Amino acid sequence: VAEGEPGEGREPFELPRFWDALGQTFQVASQEATKLSLAFSRPPLPSAEDCQKLSEDVQNAILAVATVYYWLPKGQGTTLRKMVRDATTEVVEGMIQLTDTILNAPAESLSQEQLISTGGVWEACEQVSNLPRGEYNQAAVVSALAACLGVVKDAVEEMEHALVEGQDPYGDIMEDEELGFRGNRDTYWSEADRQLLSSCMGLMKASKACLKKVLAAVKAHGKADSPEQIAQLDDLADIANEISPSVDELALSMYPPVNPLAVRLNAAKLASVLKKVLEIAKTSHVCPPSEEGWVQFLAGAVDHNMNKVKNFTQGQL
């Protein structure tokens, strides 16, 4: 499941039928996990015959989950497929862990590990109800973009909080007595650092604005009626996934002691990802002429802040 590729089915694919079947197989897997766990929760242990039946039922439930995942053709979009694959993999891994726990637990009692593992399978099986079921790949891409936006928002807020004038960026991590005298450049920002970091904050805020605008455009104009539209949505989700790690790398390099060249490198990486996001959005169906204004504005904001970072670090080269 984790590495296999679903094929293009011969029968016409029907998304509602797929969701119904996936929901049913996840529910059966959850029930089989409960039966298996209860059978080994107290003495006497099941007979060899009962064990055979239990294990066959578990195996059939897991094979059914995997089979339905394999119904989902590539043409429905890689973003949707990845979400369904991750949910399916969690169920399979959860059942493996539960089985291992039962095999390794003392026979007399229901162990804490067994309870946790059983709950883990239930939780994994409930994930099917959280999967985005709107218009094919469009709902999956909306969900992926919203998740990226949440992570970037948190990173921006954290860095804004740390940069408050006069605040010790490590105040919540290190106590004074651990370090002794705190007048050391390794734990504080100089005035020059702060000037450089304000432009980096500009790039981080542009990242948040980028994701907000692309998310709104996909919600308003995103379609999955043709292979080309589905592929464009997948491209947007793929490149948007690069924003959050790039924001994190930049944020980490902004903590003292600041190495201006490392900051410049990470800022350039983020700027490059943002320009790519804007370019892909601009040439896709989610950006009709009415959306072009914000694309140009944000591209300008990225260039403006990146140029300021370059000016502040020019003397370091």
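Residues numbered from 1 in each chain as written. Predicted model: local features only at pLDDT ≥ 70, side-chain atom pairs only at ≥ 80, totals over all residues. Heavy atoms only, no water.

Considerations on the packing of helix H1 (residues 15-39) against helix H2 (residues 48-71)
Helix-helix packing: each pair is described by the crossing angle between the helix axes and the interaxial distance. In contact at an axis separation of 9 Å, H1 and H2 are set at 160 degrees when each is read in the N-to-C sense. The orientation of H1 with respect to H2, classified from their angle, is roughly antiparallel. In the packing of H1 onto H2, the handedness of the crossing is left-handed. Contacts between H1 and H2 involve Arg17, Phe18, Ala21, Leu22, Thr25, Phe26, Val28, Ala29, Glu32, Lys35, Leu36 and Ala39 on the former and, on the latter, Leu54, Asp57, Val58, Ala61, Ala64, Val65, Val68, Tyr69 and Trp71. (Axes fitted to C-alpha atoms, helices over the stretch in contact; angles between N-to-C directions. Helix = DSSP H or I, 4+ residues; strand = E, 2+ residues; numbered from the N terminus. Parallel < 35°, antiparallel > 145°, perpendicular 65-115°, else oblique. Left-handed = near helix turned anticlockwise from the far one by under 90°. Contact = heavy atoms within 4.5 Å.)

Section: the packing of aromatic side chains
One pass over the full model with this rule turns up three aromatic pairs. On the numbers, 5.3 Å between centres and 70 degrees between planes, the contact of tyrosine 69 with tyrosine 70 is edge-to-face. The exposure class of tyrosine 69 is buried, given its relative accessible area of 0%. Across from the ring centre of tryptophan 71, 5.0 Å away, lies the NZ or CZ of arginine 17, which sits over that ring. (Phe/Tyr/Trp six-rings, centres within 6.5 Å; stacked < 30°, edge-to-face > 60°. Buried < 20%, exposed > 50% of the residue type's maximum accessible area, 1.4 Å probe, protein only. Lys NZ or Arg CZ within 6 Å of the ring centre and 35° of its normal.)

As for the pattern of salt bridges
Tallied over the full model, the rule gives seven salt bridges. We note a salt bridge from lysine 53 to aspartate 57, for which the minimum N-O separation is 2.8 Å. With lysine 53 and aspartate 57 both in helix H2, this residue pair falls four residues apart, about one helical turn. Taking relative accessible area as the criterion, lysine 53 reaches 49% and is therefore assigned partly exposed. Take aspartate 57: its relative accessible area is 18%, and that puts it in the buried class. Several salt bridges share partner residues, and in doing so they unite Glu32, Lys35, Lys53 and Asp57 into one network. (Salt bridge = Lys/Arg side-chain N within 4 Å of Asp/Glu carboxyl O.)

What to know about the packing of helix H9 (residues 243-253) against helix H10 (residues 260-282)
One can describe the packing of H9 onto H10 by two numbers: an axis separation of 9 Å at closest approach and a directional angle of 160 degrees. Regarding the angle of H9 to H10, the classification is roughly antiparallel. Between H9 and H10 lies a crossing whose hand is left-handed. Contacts between H9 and H10 involve Ile243, Ser246, Val247, Glu249, Leu250 and Ser253 on the former and, on the latter, Ala262, Val263, Asn266, Ala267, Lys269, Leu270, Val273, Leu274 and Val277. Here the contact of H9 with H10 is built from residues that sort into 10 nonpolar, three polar and two charged. (Nonpolar A, V, L, I, M, F, W, Y, C, P; charged D, E, K, R; others polar.)

Quick word on the environment of leucine 38
With respect to the helices, strands and loops of the structure, leucine 38 is situated in helix H1. Spatially, the C-alpha atoms of leucine 38 and leucine 115 are 9.9 Å apart, while their sequence positions differ by 77 residues.

Concerning the layout of surface pockets
Over the atoms a probe the size of a water molecule is rolled, and this reveals where empty space is left. The space that makes up the largest pocket amounts to roughly 290 Å³. Lining the largest pocket we find 14 residues, and of these Leu36, Phe40, Ser55, Thr99 and Leu103 sit closest to its centre. Secondary structure elements with two or more residues in the lining of the largest pocket: H2 and helix H3 (78-104). A class-by-class count of the residues in the lining of the largest pocket yields 11 nonpolar, three polar and no charged. Estimates place the volume of the second largest pocket at around 230 Å³. As for the second largest pocket, its lining consists of Thr78, Thr79, Lys82, Met83, Ser143, Ala144, Ala147, Cys148, Ala237, Asp238 and Asn241. Counting residues per element, the ones that place at least two in the lining of the second largest pocket are H3, helix H5 (136-162) and helix H8 (227-240). Of the residues contributing to the lining of the second largest pocket, the split by class is five nonpolar, four polar and two charged. Both domain 1 (15-128) and domain 2 (137-167 + 182-313) contribute no fewer than three residues apiece to the lining of the second largest pocket. (1 Å grid on protein atoms, 1.4 Å probe; cavity = no way out; pocket = protein on both sides within 12 Å on 5 of 7 lines; lining within 4 Å. Points joined across faces, edges and corners; volume = space filled by probe spheres on them. Domains from an automatic or database assignment.)

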